[in-house]
Amino acid sequence: MPSRGALPSPCWLTSASLFLLFCSACGHDSVLPPGACEQGLLPGDLVITEIMANPAGADDGREWFELYNASETEFDLRGVALLLGQEDGTDNEFHRVLQSWTIPAGGYTVAGPVLNEDDVLAVVPYLDYGYDSDLGSMSNASGRLEVACGDRTIDATIYTEPGDGASRSFTGDRTPDATSNDDLSQWCDATTEFDMESRGTPGEPNDICIGTGGPLSCIDGGTVREARAPALGDVVITEMLANPEASEETDGEWVELYVGADIDLNGLALGTDPDELEESEPVASNDCIPVAAGTRLVFAREIDPMLNGGLPTVDQPLGFSLRNSDGQVVVSYAGAILDIISYESAPAGASLNLDPDHRDPQDNDDPRYLCPSTLPYGAGDLGSPGAANEECAIPPPPGQCLDGDAFREVVAPQPGDLVITELMPNPDAVGDSEGEWFELRANAAVDLNGLWLGTEEGEARSTVEVEDCLSVSAGDHVLLAREPDPNINGNLPAVDATFDFALSNSSASLWVGTEDSTLDLVMWSSSGTGAARSLDPAQSDPRANDDEGRWCDAVDEYGDGDLGTPGEPNPSCGGVSTGTCNDGGNERDLIRPMAGDLVITELMPNPDVVTDANGEWFEVLVTAEVDLNGLEFGDDPTNPDATLPPGGDCITVSAGQRVILARNADPTQNGGLPAVVGTFGFGLTNGGGTLFVGYGGEALDTITWSGSPTGASITLDPAAENPTDNDNAANFCTATEPYGAGDLGSPGTVGPACGGGMSDGMCLDAGVPRAVLVPTLGDLVITELMPNPDAVSDQNGEWFEVLATANVDLNGLEYGDDPTNPDATLPAGGDCITVSAGQRVIMARNADPTQNGGLPPVVGTFSFGLTNGGGTLFVGIGGAALDTITWSDSPTGASWSLDSGSENPALNDDEGNFCAATEPYGDGDLGTPAAVGPAC
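Residues numbered from 1 in each chain as written. Predicted model: local features only at pLDDT ≥ 70, side-chain atom pairs only at ≥ 80, totals over all residues. Heavy atoms only, no water.

## What to know about the sheet that holds strand β5 (residues 93-96)
Strands in a sheet are paired, the pairing made by backbone hydrogen bonds, and the direction either parallel or antiparallel. Heads up, the rule is: We treat two strands as partners when DSSP finds at least two bridges between them. Where helices and strands are cited, they refer to DSSP runs of H or I of at least four residues and of E of at least two residues respectively, numbered from the N terminus. Angles run from 0 to 180 degrees between N-to-C directions of axes, and those axes are lines fitted to C-alpha atoms, restricted for helices to the stretch in contact.
Strands sit in the order β5-β4-β9-β10 across an open sheet of four strands; the sheet is antiparallel. Whereas interior strands pair on both sides, the edge strands pair on one side only; in this sheet they are β5 and β10 (152-160). Put simply, the sheet's adjacent strands are angled 15 degrees from each other on average, direction ignored. Bridge count between strand β9 (residues 142-149) and β10: eight bridges; the pairing is antiparallel. Paired with Leu145 across the two strands is Thr157, which belongs to β10.

Okay, structure coming up:
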């Protein structure tokens, strides 16, 4: 490199071709005064920083370029040569600076195609030097600009594809130098307006380019710093108006973003195509645009409220139009997608509003969480731009229903749970299409949501589709009708659900089922006019009602005069239960069981190796030879849930025989039970319930239980096998011997000794009865709860932790949300459930660590839910609460953990003493089940 001060040759051109091209210019060198280019510019002293090659409108006389003095010396550019040509360096035009043109150290100067005279330059105030027309016109596609001194190129750069009316400028977040400006990725179209038509920064620091390969910078109080970049989850699309009515559509469209962290808006881009992020227009500004966490930003097509429908605020322009249907909005930063929202159609005149409880980039992908806004703003369109969103009426996810304020899994009916008991194919008081109906009897507590209805097996012609849980209890009679309005349907009582197909008067069938199974199918050959076909109430299962002889025409009047008992128990048909049975081909009288002949000795409410619907069962000891034909069982002898066939073959059992009644008779499905005498469709509640066996509406034996172990039956001590002693829960204990597929119990055989004869308040301590150590106030503290697991479902992963501050037994412990009506109770008798002072025990929805998220051993289970949005939880004894907590919200995938210094029943009343857990357990949720939690 020549030393500064060396005088270049007057004919300094770097090639023979240029010499020939510009020899006339060399002739002008002779008139330059001494010292032309005498300051000896070195390569890199001047840097080309901005080029306006494509001005708005006509280009003539409006092109310009900018130079930066990268040295510490002021230069006079007299004698410098300017060259403009093709991108490959050919076809150069040439201009030699013949007048004084100074540029200060660290300063900028601008040249353009005007006469270099003061009066002309004054008209174009941003120009410092005019080179007339010597360089010709800059190509709008691409070109090469060079600054030379003698035989030295001081700087040269290429420009490509300048935007219309925008200069191409070297990024303003770094000091210009002649090496960096060779990297075209560091150049971008200017964004600052410098006149009515053009964008650029002539003579000033340039705009900062976005996407130049390094961290984005911005100017904060005069200092360049790195912009705060948003991360995934920091920016969420929360609302958009794609189809305004109060303004022109292209003027009134807008998008709202919720910012969940402190960021700078610089570089954030909105677009419509995730595959074409480069087409999105990022927010461009030299100055940092800080946005605080919790801010709602509005991007709008038009900033003028007179045009945009009266938007209360506009933070940024929106550079594209929103589609009215099949649309998308994409938010990205530096080529990474932060959020996408898709929609099938946009409501007219109303925004699509994201429910505020589901403000994250995953939830707004679910159309259930988007709803049309109802709040008017400005000129009358509906929305809440820049303000809090409205709550949406959120439909349940597939397979769930709305139970109060929370979604839960639908309890789908299983075979035997629903029985068709009455049907009206031929009403007389009203027309068929208005007055047809049928009735179902529930043999178990189930939900009707998703129930399939039709006239052919397996073909759904109607489906029960409602959002709220349509729950029925065992013994309920459910009414389904063509028309729900009593003024039209013959004045039926309240209709539970509707169907839209016809019931034929003759040679017809009716089917009820689910996607997976048939629940009941009945057929009839004919039907009377104005009278329902009614099933005898003794036939309460889907097999008995297959016999048309067990049906009769209704005789009781309802509503407008037709006959039937819709939604109510049916009257007896008469002559169905004859009191006889077929004994090897011979008809004989039934040997009916009497009081003392039947004893309930074992029950399995909570199997583990199979589902409850397949594996529940109970055992009855028969103490005298009887027939079980017509045997009734359930939880209420006045309204039995199931009945064995009253006629047909004799169901004879001998004294001392133990019979099994089960939800499922198939040993390959029921956990490997021995032979089953009869089946039932109702459930044995895990948290406690009542069970009877009887005959003719009279109970012969009844037991109650308050809780049930997982995967083990509750078995009666052999010394207490009579209908009196089995009233005492202390005479029952947990089975310990496996049967069938691995659950514990002794179905069909004598169970183990439990220490029978124990009085209330006793439990077995290593087989020896002793008094239960009943906890008192202060002995138990609720220290942790998990209402909203993420690694597994709520039904499997909810749990809470109780700290024992003294040595106590948990036998009979009650828990739930109301001590006067506990939702779950641990067994009062049986083995002592002992905990030591300082021990922490877990109560959970599911005791299986392979399903519950990897919890440590669970002491007791429960079936109620811990509500995500807040609730109450107590533990207590005998209807009195020992500790109660409340919570108002719950984090996702993390427990609420009590501060380790606040573990007593007074301090845990303060929700401020709880905090979200941070330590992972099991499958990855956060919490410290059965261990000391962190300080809050």
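## Comments concerning the sheet that holds strand β60 (residues 814-816)
Here we have four strands laid out as an open sheet, ordered β61-β60-β65-β66, and antiparallel in their pairing. Either end of the sheet is taken by a strand with one partner, and the two such strands are β61 (824-825) and β66 (880-887). Strand direction decides the pairing type here: strand β65 (residues 871-877) and β66, joined by seven bridges, are antiparallel. Its bridge partner lying in β66, Gly871 is registered against Trp887.

## Considering the packing of aromatic side chains
For clarity, the threshold we go by: Centre distance within 6.5 Å is the pairing criterion for rings of Phe, Tyr and Trp, where only the six-membered ring of Trp is used; planes under 30 degrees apart are then read as stacked, over 60 as edge-to-face, and the remainder as tilted. Type-normalised accessible area, obtained with a 1.4 Å probe on protein chains alone, sets the label of each residue: buried when under 20%, exposed when over 50%, and partly exposed for intermediate values. Note on criteria: charge over ring means Lys NZ or Arg CZ within 6 Å of the ring centre, with the direction from the centre no more than 35 degrees off the ring normal.
Considering all chains together, one arrives at 23 aromatic pairs under this definition. Between Tyr68 and Tyr108, the ring centres sit 5.0 Å apart and the planes meet at 50 degrees, which makes this aromatic pair tilted. Taken as a pair, Tyr68 in strand β2 (residues 64-69) and Tyr108 in strand β7 (residues 108-112) lie far apart in primary sequence, 40 residues in all. Between Phe438 and Phe499, the ring centres sit 5.1 Å apart and the planes meet at 45 degrees, which makes this aromatic pair tilted. With Phe438 in strand β30 (residues 437-442) and Phe499 in the loop between β36 (497-498) and β37 (508-513), this pair connects stretches of sequence that are 61 residues apart. This pair shows no difference in class: Phe438 is buried, exactly as Phe499 is. An aromatic cluster of three or more residues is present, and its members are Phe618, Phe633, Phe680 and Phe682. The ring of Tyr258 has Arg359 lying over it, and the distance from NZ or CZ to the ring centre is 3.7 Å.

## Brief notes about the pattern of salt bridges
Selection rule: Whenever a carboxyl oxygen of Asp or Glu lies within 4 Å of a side-chain nitrogen of Lys or Arg, that contact is scored as a salt bridge.
Under the defined criterion, the tally for this structure stands at 23 salt bridges. Measuring nitrogen to oxygen at the nearest pair gives 3.1 Å for the salt bridge that ties Arg168 to Asp189. Of the two residues, Arg168 sits in strand β11 (residues 168-170) while Asp189 sits in strand β12 (residues 187-189), which places them 21 residues apart along the sequence. Relative accessible area serves as the criterion here: at 14%, Arg168 is assigned to the buried category. Accessibility expressed as a relative area gives 24% for Asp189, which makes it partly exposed. Between Arg408 and Asp403 there is a salt bridge, with its nearest N and O atoms 2.8 Å apart. Judged by its relative accessible area of 19%, Arg408 falls in the buried class.

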